[in-house]
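As a plain string of letters, each chain reads:
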Amino acid sequence: MNTGLKITAFAAAVAATFGTAYGVGRGVDPVTAEKKPASEHGGHGGEGGAEQENPTETAPPGGLQISERGYTLALKTPRIDAEKREELRFAVVRDGKGKNVTAYEMQHGKELHLIVASRDLTTYRHLHPTRAADGTWSTPVELPRAGGYRVFADFKPTGAKEGLTLGADLAVAGEHEPRALPEPNRKASVDGYEVSLKGGLKPGKSSALTLDVERNGRPVTDLQPYLGSYGHLVALRSGDLAYLHVHPTGEPGDDRTKPGPGVSFAATVPSEGSYRLFLDFKHEGKVRTAAFTVQAGATAGGGAEAGEPPESHAH
């Protein structure tokens, strides 16, 4: 590759460290998730794009810090090789005690959710690691390209008042060719499915997002529950990779939420900028991911008709 850059494991680690955009993360308002009002619980919300003023109480930043509220994400595998299936190991350590956390509360069917994303937001993995008795988590992972990545652990320790998301840098060694953030898009294709996005993001306001799933031009009306809902949405802000974890405005079995074609969410972002949205949905026993680039605060929409899907991933 003429433009490629050979990155050794050490060089990749340095690139990832200085690529964290720490100053951006501290200097820009964090991404926050609005607390779900009682009136929204269980409903699809109709048309996308409805807005309401952002409440005064918002969640703290997600994924910008390796340590928060007395917990630290200890990544025991800080670097791996591209295109190789390797084991990613980590633990959540209780600050001051030096002990791994071994007791977690179940959230959306799992004790802990692990997200791995490249800093250019073109590669995405939603993984469900297994925990050993000593509190060490592990999961196999294969990442296609070298460069800087961010690992997010989303969890709630037993006894904690609320959950938190910690982030750590992962370096992937190999031939590195930087990629630009995919252009804004309203439609994304994956494995023969087409997902359309309705609604947008506006800073400081709760925005309704509806994602419609079709296959062969026909609406999919038999989505299967995945992690307790018909869709699972993660949003990452370009630049500092601030993390926003949102869920649908309804759930299977609530007598209001239908299994497709639309899955609705409410999300609040605090700043203008580019965001990458990753929707996981399950149909015919397989989980697929559709990805979108959305501009918040700029011209709503985006002209691309087909989004670049993220690299394939395993659950």
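Reading guide: rules and limits
Residues numbered from 1 in each chain as written. Predicted model: local features only at pLDDT ≥ 70, side-chain atom pairs only at ≥ 80, totals over all residues. Heavy atoms only, no water. Phe/Tyr/Trp six-rings, centres within 6.5 Å; stacked < 30°, edge-to-face > 60°. Helix = DSSP H or I, 4+ residues; strand = E, 2+ residues; numbered from the N terminus. Buried < 20%, exposed > 50% of the residue type's maximum accessible area, 1.4 Å probe, protein only. Lys NZ or Arg CZ within 6 Å of the ring centre and 35° of its normal. pLDDT = per-residue confidence, 0-100. Contact = heavy atoms within 4.5 Å.

It is worth spelling out the packing of aromatic side chains at this point. For the structure on display, the rule yields seven aromatic pairs. Taken together, a centroid distance of 6.4 Å and an interplanar angle of 75 degrees make the contact between Tyr71 and Phe155 edge-to-face. In this pair, Tyr71 is assigned in strand S4 (residues 71-75) and Phe155 in strand S12 (residues 147-155), connecting sequence segments 84 residues apart. An identical accessibility class is assigned to Tyr71 and Phe155; each is buried. Judged by centre distance (6.3 Å) and plane angle (5 degrees), the rings of Phe90 and Trp137 are stacked. Remark: Trp137 occurs in strand S11 (residues 136-141) and Phe90 occurs in strand S6 (residues 86-94); sequence separation between them is 47 residues. Taken together, the ring pairs connect Tyr71, Phe90, Tyr104, Trp137 and Phe155 into an aromatic cluster. Over the ring of Tyr71 we find Arg94, and its NZ or CZ is 4.5 Å from the ring centre.

Now for the confidence of the model for the protein. Any residue range with low pLDDT should be treated as having predicted coordinates unsuitable for detailed reading. Per-residue confidence for the protein averages 81 on the pLDDT scale, and 75% of its residues sit at or above 70. This stretch, residues 1-58, has a pLDDT under 50; its non-local contacts, to residues over four places away or in other chains, come to 122 contacts.

To continue, consider unusual backbone geometry. Look at the link from Gly260 to Pro261: it is a cis peptide, with omega at 0 degrees. Looking at where Pro261 falls in the secondary structure, it is placed in the loop between strand S19 (243-246) and strand S20 (262-268). Backbone geometry at Glu83 places phi at a positive 65 degrees, although glycine is not the residue there. When you line up the elements, Glu83 lands in the loop between strand S5 (79-81) and S6. Classification of Glu83 as exposed rests on a relative accessible area of 61%. For Glu284, which is not a glycine, the phi torsion comes out positive at approximately 55 degrees.

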